[in-house]
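Fold and contact review
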Amino acid sequence: QKITKVYIVACGSSYHAALLAKYAIEHWARVAAEVDIASEFRYRDPVLDPAALAVGVSQSGESLDTLLALREARRRGARVLAVTNVVDSSIAREADAALYTRAGPEICVAATKTLLAQIVALELFALTLAQVRGTRSAEEIGHIIDSLHRLPEMIEDVLSREKEVDQVAEALAGARDFFYLGRNVGYPVALEGALKLKELSYLHAEGYPAGELKHGPIALIEPGTVVVGIATRNPLWEKFQSNIAEVKSRGATVVLVANDGDEETARQADAVLWVPETEYLFAPIVDVVPLQMFAYSLARLHGHDVDRPRNLAK
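Each value, and the rule that gives it
- Residues numbered from 1 in each chain as written.
- Predicted model: local features only at pLDDT ≥ 70, side-chain atom pairs only at ≥ 80, totals over all residues.
- Heavy atoms only, no water.
- Helix = DSSP H or I, 4+ residues; strand = E, 2+ residues; numbered from the N terminus.
- Rg over C-alpha atoms; globule rule 2.2 N^0.38 Å.
- Buried < 20%, exposed > 50% of the residue type's maximum accessible area, 1.4 Å probe, protein only.
- Contact = heavy atoms within 4.5 Å.
- Areas by Shrake-Rupley, 256 points an atom, 1.4 Å probe, with all protein chains shown as cover.
- Pairing = 2+ DSSP bridges.
- Axes fitted to C-alpha atoms, helices over the stretch in contact; angles between N-to-C directions.
- Right-handed = clockwise from strand over helix to strand, strands pointing away.
- Core = buried A, V, L, I, M, F, W, Y, C linked by side-chain atoms within 4.5 Å.
- Expected span 1.5 Å × (residues − 1).
- Phe/Tyr/Trp six-rings, centres within 6.5 Å; stacked < 30°, edge-to-face > 60°.
- Lys NZ or Arg CZ within 6 Å of the ring centre and 35° of its normal.
- Salt bridge = Lys/Arg side-chain N within 4 Å of Asp/Glu carboxyl O.

**Details of the overall build of the chain**
From N to C terminus, the chain includes twelve helices and ten strands. In terms of C-alpha radius of gyration, the chain reaches 19 Å, essentially the compact-globule figure of 20 Å for 314 residues. Its C-alpha atoms put the chain at 55 × 45 × 40 Å along the principal axes. Within the chain, buried positions represent 54% of all 314 residues. When contacts within the chain are restricted to residue pairs at least 6 apart in sequence, those whose partners lie at least 24 apart make up 72%. When the accessible surface of the chain is split by element, carbon and sulfur atoms take 50% of a total near 13,700 Å².

Okay, here's the thing in structure tokens:
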């Protein structure tokens, strides 16, 4: 109840989970939240006090940059929470408390199931904070939790569409430049989609907030460029449609992640990755899955080892 600000620190895919947590914490609990790349946090002279909570997100619980960032937060008086997949890891031991994602061992280098589990853990934390602070009613929180319980079935549904994703990947196997675009909670999903493609396929991929297109990136959009848009229905869906129209008019090949049956969105796309519709703050948990599958499929088409990408290690 006394927390006035939440600082979340993480690296890689965990950073994208942290960005999504910011939306949930501020929307549901009405607490200001900041997200930092862990390796930058302690070098920017952050302002923390005993009313601040620092949250470190790390699949392994051993990410040195995240561990050092949490130590710095504690040194400056903040309380510390760890979100990790590994029980009794370094970050968990040093924190005041730990949320274990319990996703099971992740053997491959690229985070997949552990990312989804991190998002769920952080959003449950946001709901708990809302409950404690009284910013959401018990009835509303119950409704949100009901939506959360339906997610495993939705993810199974998306995974069953592997052949559809493979067909899109096969059609784009010769492409070399990919831009992933999203708005609101779709933006961190775009960042994660681009990261997975880079990690697994070694293709040029960038993630952007779609509203930033006109501030430079649109200069790179030309025929042969693939734009992957996170076009499920969030509060900025209408604005996002105009962004997609801009890239389409410049000759980009457009692939959209869209809600089942949303033909209005599909009309803007050359290919669609369909997903079930859910509560918009939970949508990233579903929307990121076809992007993971897409990166996997392209990596296989290019003959790469999807479990052990070059130059990367766990």
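**Here's the deal with the sheet that holds strand β10 (residues 271-275)**
Here five strands make up an open sheet; going across it, the order is β7-β6-β8-β9-β10 and the pairing parallel. In this open sheet, the two strands that pair with only one neighbour each are β7 (204-209) and β10. Each strand axis lies, on average, 20 degrees off the axis of its neighbour in the sheet, ignoring direction. Examined bridge by bridge, strand β8 (residues 226-230) and strand β9 (residues 253-259) share five bridges and lie parallel to one another. Note that in β9 the partner of Val227 across the bridge is Val254. The strands touched by helix α10 (residues 237-249) are β6 (177-182), β8 and β9; relative to β9, the strand with the most contacts, the crossing angle is about 160 degrees.

**A few points about the sheet that holds strand β4 (residues 79-84)**
As summarised here, the arrangement of the five strands in space is β2-β1-β3-β4-β5, forming an open sheet in which the pairing is parallel. The strands lining the two open edges of the sheet, one partner per strand, are β2 (32-37) and β5 (97-100). Each neighbouring strand pair of the sheet contributes to a mean axis angle of 20 degrees, computed without reference to strand direction. Pairing analysis gives six bridges linking strand β1 (residues 5-10) to β2, with the strands arranged parallel. The partner of Ile8 across the bridge, within β2, is Val35. On the sheet, helix α1 (residues 12-29) packs against β1, β2 and β3 (52-58) and is oriented at approximately 170 degrees with respect to β2. Relative to β3, helix α3 (residues 64-75) is tilted by about 170 degrees, and along the sheet it contacts β1, β3 and β4.

**Focus on the pairing of β9**
Across the seven residues of β9, six count as buried, placing the element largely inside the fold. Where the polypeptide runs from β8 across α10 and back to β9, its parallel neighbour, the crossover connection is right-handed.

**Section: the nonpolar core**
Counting residues in hydrophobic clusters, the biggest one holds 76 residues, and the most contacted among them are Ile25, Phe178, Tyr180 and Phe294. Once you skip the residues sitting within four places of it in the chain, Phe178 turns out to touch Leu172, Leu197, Leu203, His204, Ala205, Glu206, Val226, Val228, Phe294 and Leu298. The next biggest cluster of nonpolar side chains, apart from the first, holds 18 residues, and it includes Phe179, Ile218, Ile244 and Val272.

**Things to note about unusual backbone geometry**
With a phi close to 55 degrees, Asp45 is a non-glycine residue in the positive phi region. Note that Asp45 resides in the loop between α2 (38-41) and β3. Given a relative accessible area of 52%, Asp45 falls into the exposed group. Non-glycine residue Asp88 carries a positive phi angle of around 65 degrees. On the secondary structure map, Asp88 appears in the loop between β4 and α4 (90-94). Overall, Asp88 belongs to the partly exposed group, its relative accessible area being 47%.

**Here we look at helix α9 (residues 186-201)**
The end-to-end C-alpha distance of α9 is 22 Å, a good match for the 22 Å that 16 residues give at a rise of 1.5 Å each. The element α9 is extensively covered by neighbouring structure, given that 14 of its 16 residues are classed as buried. Directly after α9, the chain includes Tyr202, whose backbone phi takes a positive value near 60 degrees.

**Points about the packing of aromatic side chains**
In this structure the tally under the stated criterion is four aromatic pairs. Consider the rings of Trp28 and Phe282, whose centres lie 5.9 Å apart with planes at 65 degrees: the pair is edge-to-face. Of this pair, Trp28 sits in helix α1 while Phe282 sits in the loop between β10 and α12 (283-301), and the two are 254 residues apart along the sequence. Seen in terms of ring centroids, Phe179 and Tyr208 are 6.2 Å apart; in terms of plane orientation they differ by 20 degrees. Their pairing is stacked. Pair noted here: Phe179 is in strand β6 and Tyr208 is in strand β7, with a separation of 29 residues, a long-range link. Residue placement shows Arg233 over the ring face of Trp237; its charged tip is 3.5 Å from the ring centre. The ring of Tyr202 carries Arg310 above its face, with NZ or CZ at 4.0 Å from the centroid.

**Points about the pattern of salt bridges**
Inspection of every chain in the model, using the stated rule, returns 17 salt bridges. The partner of Arg233 in a salt bridge is Glu264, with the nearest N and O atoms 3.5 Å apart. Of the two residues, Arg233 is situated in the loop between β8 and α10 and Glu264 in helix α11 (residues 263-266); the sequence distance between them amounts to 31 residues. Classification of Arg233 as partly exposed rests on a relative accessible area of 34%. Taking relative accessible area as the criterion, Glu264 reaches 45% and is therefore assigned partly exposed. Put simply, Lys248 and Asp270 hold a salt bridge, and the shortest N to O gap is 2.9 Å. Here Lys248, found in helix α10, pairs with Asp270, found in the loop between α11 and β10; they are 22 residues apart in sequence, far enough to count as distant. In this structure, a network of salt bridges that share partners links the residues Lys5, Glu34, Asp36 and Arg44.

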